[in-house]
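Here is what each chain is made of, one letter per residue.
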Amino acid sequence: MIAYFIIGAEIAFWILIVVGLVLRYILKLKRLSIFVLAASPVIDLVLILLTVLDLKNGEIATFVHGLSAIYIGVSIAYGKQMIEWADQQFKWLVLKVDERPKKAYGKEKSKRETIGFVRHLFAYAIGSAVLWGILLFLGKDEQTISLFYVWSIWSIVVVVDGIISISYIVFPTTKK
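If you're wondering where the values come from, they're calculated on a predicted model, not measured in any experiment.

(A) Quick peek at helix H6 (residues 145-170). Compared with an ideal rise of 1.5 Å per residue, which puts 26 residues at 38 Å, H6 spans 38 Å between its outermost C-alpha atoms and is within 8% of the ideal. For H6, the complete set of buried residues consists of Ser146, Leu147, Val150, Trp154, Ser155, Val158, Asp161, Gly162 and Ser165. Contacts made by the buried residues of H6 are with helix H3 (40-56), helix H4 (63-93) and helix H5 (106-138).

Here's what the structure looks like:
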């Protein structure tokens, strides 16, 4: 059941983004578009509430329950960046204005990768807090053990991401 909530949250997030961009650029209602775009964190709160209620009602935690915590961390850490990306794509595809970022090399690429890794750490901190909050609220037992496994796997992913990000500093890319 929670998988549907996550899918619904993702769909609702992108619907809010598109509606916000249409309000801003097509209908010229900038203030209303800011309100609509700023409402996206409400989706995250609803998703985590539904996840906790699902588990509180006796559901055995699965990877998907853990994914809802990851979703919240990523949404908060990368939300503004995702909205900026959608804004650029909207301008390019709908308004025919080309403001796409150029491919980065060398120090600029290293900087982008480092910023991306810091965002990943921020997402990890938020998602971990949510996962451990659920574990503390419900107790770590057979019902919730997979949440601990999700956190463990994500911890490995963060370390790998850090190694890759550092590699761009040690071995900067060059333009071909």
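(B) Highlighting the side chain of Ser128. Here Ser128 is to be found in helix H5. Classification of Ser128 as buried rests on a relative accessible area of 9%. Not counting residues within four places of it along the chain, the set of residues in contact with Ser128 comprises Trp151 and Trp154.

(C) Quick peek at the pattern of salt bridges. All told, the structure shown has four salt bridges when counted by the stated rule. Of the charged contacts in the structure, one is a salt bridge between Glu84 and Lys80, with a shortest N-O distance of 3.9 Å. With Glu84 and Lys80 both in helix H4 and four residues apart, the pair spans about one turn of that helix. A residue is classified by how much of its surface remains accessible, and Lys80, at 63% relative accessible area, is exposed. One salt bridge connects Lys109 with Glu113, and the closest N-O pair in it is separated by 3.5 Å. Highlighted residues: Lys109 and Glu113, both in helix H5, separated by four residues, approximately one helical turn.

(D) Structural context of the packing of aromatic side chains. Within this structure, the stated rule accounts for eight aromatic pairs. When the ring of Phe13 is compared with that of Trp14, the centres are 5.0 Å apart and the planes differ by 85°; the resulting orientation is edge-to-face. The partly exposed category is assigned to Trp14, whose relative accessible area is 27%. Ring geometry for Phe148 against Trp151: centres 5.9 Å apart, planes inclined by 35°, an arrangement best described as tilted. Here Phe148 and its partner Trp151 are both found in helix H6, three residues apart, which amounts to about one turn of the helix. Grouping aromatic residues by their ring pairs yields a cluster made of Trp132, Phe148, Tyr149 and Trp151.

Rules and cut-offs
- Residues numbered from 1 in each chain as written.
- Predicted model: local features only at pLDDT ≥ 70, side-chain atom pairs only at ≥ 80, totals over all residues.
- Heavy atoms only, no water.
- Helix = DSSP H or I, 4+ residues; strand = E, 2+ residues; numbered from the N terminus.
- Expected span 1.5 Å × (residues − 1).
- Buried < 20%, exposed > 50% of the residue type's maximum accessible area, 1.4 Å probe, protein only.
- Contact = heavy atoms within 4.5 Å.
- Salt bridge = Lys/Arg side-chain N within 4 Å of Asp/Glu carboxyl O.
- Phe/Tyr/Trp six-rings, centres within 6.5 Å; stacked < 30°, edge-to-face > 60°.

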